[in-house]
Structure formats: C-alpha cells, structure tokens
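Observations on the three-dimensional arrangement
So you can see what is in the structure, the chains are spelled out below.
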Amino acid sequence: MAQRVRKAVLPVAGLGTRFLPATKAMPKEMLTVVDRPLIQYAVEECLAAGIEEFVFVSGRNKGALEDHFDHAYELEATLEQRKKAAELKQTQAATIKPGNAIFTRQQKPLGLGHAVWCARHWIGNEPFAVLLPDELTLDTPSCIGQLVQAHERTGGSVVAVMDVPREQTKSYGIAAVKNENGNLSEITGMVEKPKPEEAPSTLALIGRYVLLPEVFDHLDRHETGAGGEIQLTDAMAKMIGHKPFHALRYAGQRYDCGSRLGFLEANVAVALHRGDTAAETRALLGRLLKG
C-alpha cells in the first residue's frame, strides 16, 4: 500500500529576473493573479490534495513569503472593527497551521535539484510533492491531487507532463514513455532541456511532481547537468527502472507565469472564469480591443 503524501516542497529561491524591476524588492512568487499571489495558489492546490506540511526552500529578501502565511493581527483587527467579514475571511484563509510550514535557505543558485535537496531533512523517508509556484495549474481535482491519486495506485513516483511544440523541448525536462494507459504512462527515460532534434518525445515536465524519497540518494552526489546546475530531472532519470515511475498527461489549464506573456494570460483567464470578475473583464477586453 502506497504511503500517503503529506508534505510538499516549494522551491522559491529564484530571483525572478524576467520580471525586473517588479521583483527587485518583491519575491516573484508574490506576484498576483487577480487578487492572490502565485504562492497561495500553489499552497491551496496542495491543501485540496490533502497535503498538510510545507517546506519552502527560500533565499535572501524573501521574507514577504513567510509573512504572507502568518497571521496579520493589526490588519485582522482593523477588518473586524470595520465589519469587513469577507475581507477578514480571505486574509485568515491565507494562513498555514502553526508548525506546518518550514522555511529553509538555498544559499547559492545551484539548480532545482539542489533546492529540493535542501529540504531533505524535513521530508525524511516519505513520498513528497514538489510544486514550482510560477507554473499555475487550474483544475478539479488539482494537478497535484491527480498525481497523489496516481501515486496511491502505482506506489511510485509520478510527474505531470504536457505536449509542447518540438522546438520548445530545449526549455523543459522531457520524458520518454511506453505502455500508455489512459492518461498514465510508464517513463523509460528523461533528459533536461534537450536539443529539439535530440528530444525523445515532446512530453514536457510542467513543474508538478510526486517523488519517492530515494531521489535524495542521487541528489546527495551533487552532480551537475544542463547549465552547470544540479538538475532534478537527472536525479529522477536515475530512479527509472528501480521502482514504478509514471508520467501523467495533464489535461487541465496550465499557465507559465514565469514569462510575462504567460502571466498576463493567467490573469485574464482567471478573471474570465471568476463569477465576481467575469462580466466586467469581458467588457473591459471588448473596450480595449475596439481601441
């Protein structure tokens, strides 16, 4: 029987250089899609999947992330005094239960694999989720929820993948698969950012993973790969063939909020799907397009 996934690692140490100057003093994970920061979407995705504990692998000048998930006593008291019940509920919903969040540092930008390795002592010998907050996924059940369910069926590691144009494979980790069964396939290999002509498929990893703790055995070696960094994809590739490892084709909505255009798309898409903003957003887009 598969061990339950209770913990998630959220690598949040990146500098956000593609969003300068906005990220000069603000973590990129605090950029908002409509009215919630990206990091909150990721945490809520985990909570909906039954995940309870969070390890934030952070860096310098990221204190706003920790503050966001804490109680804001002065703000809450003011909202309560002014009878702003809806706003108070929204503020309190952005907290994490006491003792359920760990913030640790990745002192040097050595890659995603190194960031995940920094969480090893808090994960221990349990399966765990990894979410890249600048990849926004919207679905029911959530993307990480679907991976948790797949892990419960297979007992192994599972990663979310989506088809991308072949010319874009150089920007992603790419999986080779076999024995496709519905949306689940066995993984036979992985490679990080291959040249399009060398990519084994067009199935790209999209920043959502459920991994067995054995991945730390490979990350412990601190072997570098693409870009001279310690790549999570390389460590995962070494696990293939030892325990079950599957790719789940994700069919929901996914937005690359690490790019400016993807971030804009996410804001428009979310606003169009929310009952409190949909009509006004359609009218606004109509006016702008006419101009």
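Parameters and conventions
Residues numbered from 1 in each chain as written. Predicted model: local features only at pLDDT ≥ 70, side-chain atom pairs only at ≥ 80, totals over all residues. Heavy atoms only, no water. Helix = DSSP H or I, 4+ residues; strand = E, 2+ residues; numbered from the N terminus. Rg over C-alpha atoms; globule rule 2.2 N^0.38 Å. Buried < 20%, exposed > 50% of the residue type's maximum accessible area, 1.4 Å probe, protein only. Contact = heavy atoms within 4.5 Å. Areas by Shrake-Rupley, 256 points an atom, 1.4 Å probe, with all protein chains shown as cover. Lys, Arg positive; Asp, Glu negative; His and termini not counted. Charge placed at Lys NZ, Arg CZ, Asp CG, Glu CD. Expected span 1.5 Å × (residues − 1). pLDDT = per-residue confidence, 0-100. Phe/Tyr/Trp six-rings, centres within 6.5 Å; stacked < 30°, edge-to-face > 60°. Lys NZ or Arg CZ within 6 Å of the ring centre and 35° of its normal.

Next up on the list: the overall build of the protein. Scanning the protein from terminus to terminus reveals 11 helices and 13 strands. What you see for the protein is a C-alpha radius of gyration of 19 Å, in line with the 19 Å of a compact globule of 291 residues. Projecting the C-alpha coordinates of the protein onto the three principal axes gives extents of approximately 60 × 50 × 40 Å. Here the protein holds 291 residues, and the buried ones make up 49% of them. For the protein, long-range pairs separated by at least 24 residues make up 76% of all intrachain contacts whose partners lie at least 6 apart in sequence. In the structure as shown, the protein presents an accessible area of about 15000 Å², 51% of it carried by carbon and sulfur atoms. Within the protein, one finds 34 positive and 35 negative side-chain charges whose respective centroids are separated by 3 Å.

This next bit is on helix α7 (residues 143-154). Here α7 is 12 residues long and its end C-alpha atoms lie 17 Å apart, about the 16 Å a rise of 1.5 Å per residue gives. Those residues of α7 lying buried are C143, I144, G145, Q146, L147, V148, A150 and H151. Positive phi shows up at G155, right after α7, with a value of about 75 degrees.

Taken as a whole, the protein shows an average pLDDT of 92; of its residues, 99% reach a score of 70 or greater. Within the protein, the lowest mean pLDDT, 83, falls on helix α4 (residues 85-93), and the highest, 98, falls on strand β6 (residues 128-131).

This paragraph deals with the packing of aromatic side chains. Centre-to-centre distance and the angle between the planes together describe a pair of aromatic rings. In total, this model carries five aromatic pairs according to the counting rule given. With 5.6 Å between their ring centres and 35 degrees between their planes, F56 and F69 make a pair best called tilted. Here F56, found in strand β4 (residues 53-58), pairs with F69, found in the loop between α2 (63-68) and α3 (73-81); they are 13 residues apart in sequence, far enough to count as distant. Residue class for F69 comes out buried when judged on its relative accessible area of 6%. Ring pairing ties together the aromatic residues F54, F56, F69 and F103, which thus form one cluster. Above the ring of W117, the side-chain terminus of R120 is found at 3.6 Å from the ring centroid.

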